[in-house]
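# Topology and contacts: notes
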Amino acid sequence: MSGTNLYHYNGGQNLLSEIKDCNQQRININEFLNRQIKNPYLNILIGSGASVGAIPLMGDTIKKILADEENSDIKSEFIVFSDFQDDDKNVFEKFLINDCLTNSDKEISKKYANFSDIEGFMTYLQQKINVSGTADVKTKLTKIFTKLKQQFIASIPRLDDEKYNSSETTTLYSNFYQQIFYHRQNSSPKLNVFTTNYDLFNELAFEKIGINYSTGFRNGLKPTFDITQFNYRQVDERNRYKDKWQPTTKEADLYKLHGSINWIEYDNSIVQSNSSEETNVVIYPTVLKHVETARIPYSPLFRELSIELQKPNSTLLIIGYGFGDDHINNIIFQNISNQDFTLIIFGDISEEKLKEIKETCKNTNLHIIGGDVNTTKAHYFNNVVNHLLTANDNEDEKAEHHNA
């Protein structure tokens, strides 16, 4: 791997600083990851960066929406939401149309160049609707909110979208989980996967490699969300008279923290539907009409994240997540001081947020893995899967082991 230079920071030190051979760097990281993957209480947090091969990052999506001349009303509210000064507004306009930016312009544009918190903007609009004094203002804001939501949802592929069929992203997700489950046993606790993504790549990957999984929905003609579904596991009923139930297969729980493209509001409940005709898709923040259900399913899902990270000797592996959700961040960093909690982040330490995390948490069991693989960043999902997680084992042997 010519041009490869990796790092693995822990305790404020790069554990690979004395290793110049790039292949040995990879081997060291791979051995460390394999040990962590075997941890019974393994949790994975996957952000939008993992799906970027098929779906634009949220920052690109919001920029495209704001740059559309037909969305001038959305842009006006975004400027108010962002509290831009006059200089900011001028640079922002140039930024949207990819006009040449001076060095000082680029410094100003950092405030929104990496903006990805569409949900935060939608929360602002929703709150403004709730407190608006006149019917005209409420109607105007509701129209803006609805239009933004529709365009946001349109950027997320439905199940029948070609992006899921034989795409590189689908293959990456499948290979990722193939490698994770290779190191786990049927008797291991269920793998916990938390994601902020609305797409269906995780589900398709589990099904492709034959992993039973739950997204918190009951079986039925209209599967309804029920948080207790995560408590169940398939066991061998033939051995029910034994002292201990025996799980029959490796399993996963998939917690979609922000909702999903196939979740809809129906009859005061949240149900799964893969119909491309559905319009009332449930996304974060809560957009349910009924106040009594306003915190469902998000509060229970976030609570499950907190519960799982507090279990003894738990590990959290983070991929493709930019730390843009304060609620998730608070849950993670409330646990970082626990001596038996291990946090592993695939990321770029030159980015401001990760630089701050590295400095703040240098005396904890935090691991930051990244660097360069040829001309790309090592923390990109394809490099994590194809270079960092890949062991020296023969891939055919892996497949046989998984299917055994």
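Right above here is the structure, for reference.
Source: prediction; values computed, not measured.

Before going further, it helps to spend a moment on the packing of aromatic side chains. In total, this model carries 25 aromatic pairs according to the counting rule given. Ring plane angle 50 degrees and centroid distance 5.0 Å describe the contact between F84 and F92, whose orientation is recorded as tilted. The residues F84 and F92 share a single accessibility class, namely buried. Taken together through their ring pairs, the aromatic side chains of Y164, Y173, F176, Y177, F181, F201, F206, Y213 and F381 make up a single cluster. Against the face of F95 rests K63, its NZ or CZ located 4.3 Å from the ring centre. If you follow K222 out to its NZ or CZ, it ends over the ring of Y266, 4.5 Å from the centre.

So, about the pattern of salt bridges. A complete count under the given rule lists twelve salt bridges for this structure. In this structure, a network of salt bridges that share partners links the residues D348, D372 and K377.

Summed over all chains, the structure comprises three cavities of 30 Å³ or more. Quantified by volume, the largest cavity comes out at close to 150 Å³. Lining the largest cavity are 13 residues, with S48, I55, P56, M58 and I156 sitting closest to its centre. Class assignment for the residues of the lining of the largest cavity results in six nonpolar, six polar and one charged.

Below, the discussion takes up helix α10 (residues 298-309). At 3.6 residues per turn, the α-helix brings residues three or four places apart onto the same side. Between its first and last C-alpha, α10 extends 17 Å over twelve residues, near the 16 Å set by a 1.5 Å rise per residue. Taken across its twelve residues, α10 has nine buried, putting it largely inside the fold. Inspection of α10 places Y298, P300, L301, F302, E304, L305, S306, E308 and L309 among the buried residues, and these make up the whole buried set.

Our focus in this paragraph is the sheet that holds strand β8 (residues 269-272). Note: strands within a sheet are paired through backbone hydrogen bonds, in either parallel or antiparallel orientation. Strand order in the open sheet formed by three strands is β8-β7-β9, with antiparallel pairing between adjacent strands. Strand pairing shows two members of the sheet lacking a second neighbour, β8 and β9 (281-283), which therefore form its edges. Across this sheet, the average inter-strand angle for adjacent strands is 55 degrees, counted without regard to direction. Examined bridge by bridge, strand β7 (residues 259-266) and β9 share two bridges and lie antiparallel to one another. Bridge pairing links G259 to I283 in β9.

We now examine the pairing of strand β11 (residues 342-346). For β11, a buried count of five out of five residues is recorded, marking the element as mostly surrounded by other parts of the structure. Sheet analysis places strand β10 (residues 315-319) next to β11, joined by four bridges and oriented parallel. Across the sheet, the residue bridging to I318 is I345, located in β11. The parallel pair β11 and strand β12 (residues 366-373) is bridged by helix α12 (residues 352-360), and the resulting crossover is right-handed.

As a further point, take helix α9 (residues 201-208). Of the residues making up α9, those classed as buried are F201, N202, E203, A205 and F206. At its buried positions, α9 is contacted by β3 (42-46), α8 (168-182), β4 (191-195), β5 (212-214), β6 (251-256) and β7.

For the rest of this paragraph, the subject is the layout of surface pockets. A volume near 640 Å³ is recorded for the second largest pocket. Taken together, 26 residues line the second largest pocket, and the ones lying closest to its centre are Y213, S214, T215, N219 and Q272. Those elements giving two or more residues to the lining of the second largest pocket turn out to be α9, β5 and β6. Of the residues in the lining of the second largest pocket, the class split is eight nonpolar, eleven polar and seven charged.

Rules of the game
- Residues numbered from 1 in each chain as written.
- Predicted model: local features only at pLDDT ≥ 70, side-chain atom pairs only at ≥ 80, totals over all residues.
- Heavy atoms only, no water.
- Phe/Tyr/Trp six-rings, centres within 6.5 Å; stacked < 30°, edge-to-face > 60°.
- Buried < 20%, exposed > 50% of the residue type's maximum accessible area, 1.4 Å probe, protein only.
- Lys NZ or Arg CZ within 6 Å of the ring centre and 35° of its normal.
- Salt bridge = Lys/Arg side-chain N within 4 Å of Asp/Glu carboxyl O.
- 1 Å grid on protein atoms, 1.4 Å probe; cavity = no way out; pocket = protein on both sides within 12 Å on 5 of 7 lines; lining within 4 Å.
- Points joined across faces, edges and corners; volume = space filled by probe spheres on them.
- Nonpolar A, V, L, I, M, F, W, Y, C, P; charged D, E, K, R; others polar.
- Helix = DSSP H or I, 4+ residues; strand = E, 2+ residues; numbered from the N terminus.
- Expected span 1.5 Å × (residues − 1).
- Pairing = 2+ DSSP bridges.
- Axes fitted to C-alpha atoms, helices over the stretch in contact; angles between N-to-C directions.
- Right-handed = clockwise from strand over helix to strand, strands pointing away.
- Contact = heavy atoms within 4.5 Å.

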